[in-house]
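Working through the structure, step by step
This is what each chain is made of:
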Number of protein chains: 2
Amino acid sequence: MDEMQLYNTYIHKIKTGLQEICLPEEPHNLYEPIHYMLSMKGKHVRPLLTFLAAELFGKEELDDVLPASLAIECFHNFTLIHDDIMDNASLRRGKLPVYKKWNTNIAILSGDVLMVKAYEQLSKCAPAYIPSLLRVFNKIAIEVCEGQQWDMDFEKERSISEESYLQMIRLKTSVLLGGALQMGAILANATDKDVLRINGFGINLGLAFQLQDDILDTYGEKTVLGKRIGGDIVENKKTILLVKLLECISQPDSQKLEYFMTKERDEENKIQQVKNLFAKYNIYEKAVSLKNRFTEIALTELDEIRVPETRKQPLKQIVNNLLNRKS
Amino acid sequence: MDEMQLYNTYIHKIKTGLQEICLPEEPHNLYEPIHYMLSMKGKHVRPLLTFLAAELFGKEELDDVLPASLAIECFHNFTLIHDDIMDNASLRRGKLPVYKKWNTNIAILSGDVLMVKAYEQLSKCAPAYIPSLLRVFNKIAIEVCEGQQWDMDFEKERSISEESYLQMIRLKTSVLLGGALQMGAILANATDKDVLRINGFGINLGLAFQLQDDILDTYGEKTVLGKRIGGDIVENKKTILLVKLLECISQPDSQKLEYFMTKERDEENKIQQVKNLFAKYNIYEKAVSLKNRFTEIALTELDEIRVPETRKQPLKQIVNNLLNRKS
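Residues numbered from 1 in each chain as written. Chains lettered and ligands numbered in written order. Predicted model: local features only at pLDDT ≥ 70, side-chain atom pairs only at ≥ 80, totals over all residues.

**Here's the deal with the interface of chain B and chain A**
- Listed as interface residues are 31 residues of chain B and, on the opposing side, 31 residues of chain A.
- Those elements that place two or more of their residues in the side of chain B that touches chain A are helix 2 (28–38), helix 4 (66–86), helix 6 (104–122) and helix 7 (130–155) of chain B.
- The leading source of residues in the side of chain B that touches chain A is helix 7 of chain B, at 14 residues.
- The residue makeup of the side of chain B that touches chain A, split by class, is 19 nonpolar, seven polar and five charged. (Contact = placed C-beta atoms within 7 Å. Helix = DSSP H or I, 4+ residues; strand = E, 2+ residues; numbered from the N terminus. Nonpolar A, V, L, I, M, F, W, Y, C, P; charged D, E, K, R; others polar.)

Below, the structure is given as structure tokens:
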């Protein structure tokens, strides 16, 4: 099977699994939003990683992997529902976020239930694995919430250091990718060292992935569903581009930037002016170079795992797909 | 050891355990609210029940019970943080609710983390018990959320049936008491039948407990911290008293009630007038009789458990304490 077929098999399993998650009819206001979220289009990268890690370490019975993979996807969707409230998001994958389509209370409570549904999936794994899976899952769940809190805290700061920014995205985005892989590895009886390595691969892949997201928001070729090019600039979002710029910007340029961020009403001009500043300080190149550094670390971690090279192909392909996209 | 000493031993363990839950310093906005909730005064009935059930079934090593008991208390506090947002509550145990002392976003996220902290406690139980504890815990967690959703849905209805009301409080309040006991029983290796019985005891105790709460809000002797006598009437809250009244009220009295509920601005007069209607239809007596019925069912479930009578004393004492309180 080539990688594409392999992905399709797993994605099919994941989609079917998500549809089969038991969601009662009632209370309608609780379960309809969950159904809405779980049926949205998505790449399902995280649950796919759980399968790929299990396969990497030679797991053959893949039905055992499905519940762990669905747990990750349910948890991810729970965070989207709650984050959208906190971030006052206007769109989620091109559709209305739950808190807008229904209301904040419904989004809080259906998010809560979706988190429990994640644990319900975990409880369906083979009992011998549950204690260690639960420990890993709890750790990443807490870290993801910490990441969201840092993100909100940082929004109020004028500037933040690159170190703080990377720590924030590590928690908010990367640990879940690392955790998804870790769980697959645990289910495939990987050694503790290999579990750490595959986690390291995931963390660094996640960092590269988020930096790529930041870069594409300003430099992407076309808009992704529900996003516009330059949206982050318009919203003064702290991205790696802004963080890098604030690190090295001169005093006069800093005042210009301040003006565009707070006073410029013409959004197209704001985007162009901020991009000019990025260009002046080679911010694009710096961000890409940082992204490449994390990609390399990820691949080094993968290299150190002692399994046949052919088994690593699907994960290497994922790195390619995720990090060389143009939108 | 008499019951009082026994309770104190357990409550001490629970309080110490809550204080020792690992809460990092940072992010401050995430962990301070959790610390605030876990250090509030409270009766700790639910975690106490976990200990009492374990003891009922002869568990001697009580340190094994502590994490399960703390999981229940963490979960309960998570529901309080989120419910207070949804219910727009003005006080929690006489203090400001998290969403008021901080803000809604912080209350959402610190609530989320507290729910994960509950699962973190579960993961500290002896591994052999984790899969079954996790299943029970997930089930009650989902039911409690369903109960909250029904409660919010019912607030918008003009009237609801007694059956719907009881189903709502069963989910919102009782299953957690039942679950706390179930988990103690599981840890003490009780038979499946006995686990069901102790759950039944808890469910019915919970129903009686909630009805008692409804009754005391109007007929209590003194105010409990943060509550006022008649508060439910002022807020037109759907309690067993109002549900029972709407079941049998005459058309003319129904119009009077409607007037007091929507137009009367003098709160003391509103309370008095609604109480007059309760008196006319013997609502107090009907509610007490229903409460007593659930208490009896609870005690019958306890009777059917085949353990030495002396071991049942602490639970019987709890029934007495909870259900014969005057405030």
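**Here's the deal with the packing of helix 8 (residues 162–187) of chain B against helix 9 (residues 192–219) of chain B**
Residues and elements named next belong to chain B.
- At their nearest, the axes of helix 8 and helix 9 sit 7 Å apart, and the two run at 140° to each other. Here helix 8 is positioned oblique relative to helix 9, judged by the angle of their axes. In the packing of helix 8 onto helix 9, the handedness of the crossing is right-handed.
- Across the contact of helix 8 with helix 9, the residue classes break down as 15 nonpolar, eight polar and two charged. (Axes fitted to C-alpha atoms, helices over the stretch in contact; angles between N-to-C directions. Parallel < 35°, antiparallel > 145°, perpendicular 65-115°, else oblique. Left-handed = near helix turned anticlockwise from the far one by under 90°.)

**Considerations on the environment of E155 of chain B**
All names here are of chain B.
- Within the secondary structure layout, E155 lies in helix 7.
- E155 sits in the partly exposed class, given 13 other C-beta atoms within 10 Å.
- It is 27 Å that separates the C-alpha atoms of E155 and I72, two residues lying 83 residues apart in sequence. (Buried ≥ 20, exposed ≤ 12 C-beta atoms within 10 Å, placed from the backbone.)

**A look at the environment of G147 of chain B**
All names here are of chain B.
- Within the fold, G147 resides in helix 7.
- Since 22 C-beta atoms lie within 10 Å of it, G147 is described here as buried.
- Residues G147 and L114, spaced 33 residues apart in sequence, show a C-alpha to C-alpha distance of 19 Å.
- Residues in contact with G147, not counting those within four places in the same chain, are M168, L171 and K172.

**Looking at the relation of the copies chain B and chain A**
- The transformation that overlays chain B on chain A combines an axial shift of 0.0 Å with a rotation of 180°, and the residual RMSD is 0.0 Å. The operation mapping one copy onto its partner corresponds to a two-fold rotation axis.
- Most of the interface of chain B is mirrored in chain A, where 100% of its interface residues again form contacts. (Least-squares fit on C-alpha atoms with pLDDT ≥ 70 in both.)

**Focus on the packing of helix 14 (residues 283–303) of chain A against helix 15 (residues 309–323) of chain A**
Residues and elements named next belong to chain A.
- Contact pair helix 14 / helix 15: the axes reach a minimum separation of 11 Å and the direction vectors enclose 175°. One element, helix 14, and the other, helix 15, form an angle in the roughly antiparallel class. Only K312, L315, V319 and L323 of helix 15 make contact with helix 14, whose side of the interface consists of T295, A298, L299 and L302.
- Here the contact of helix 14 with helix 15 is composed, by residue class, of six nonpolar, one polar and one charged.

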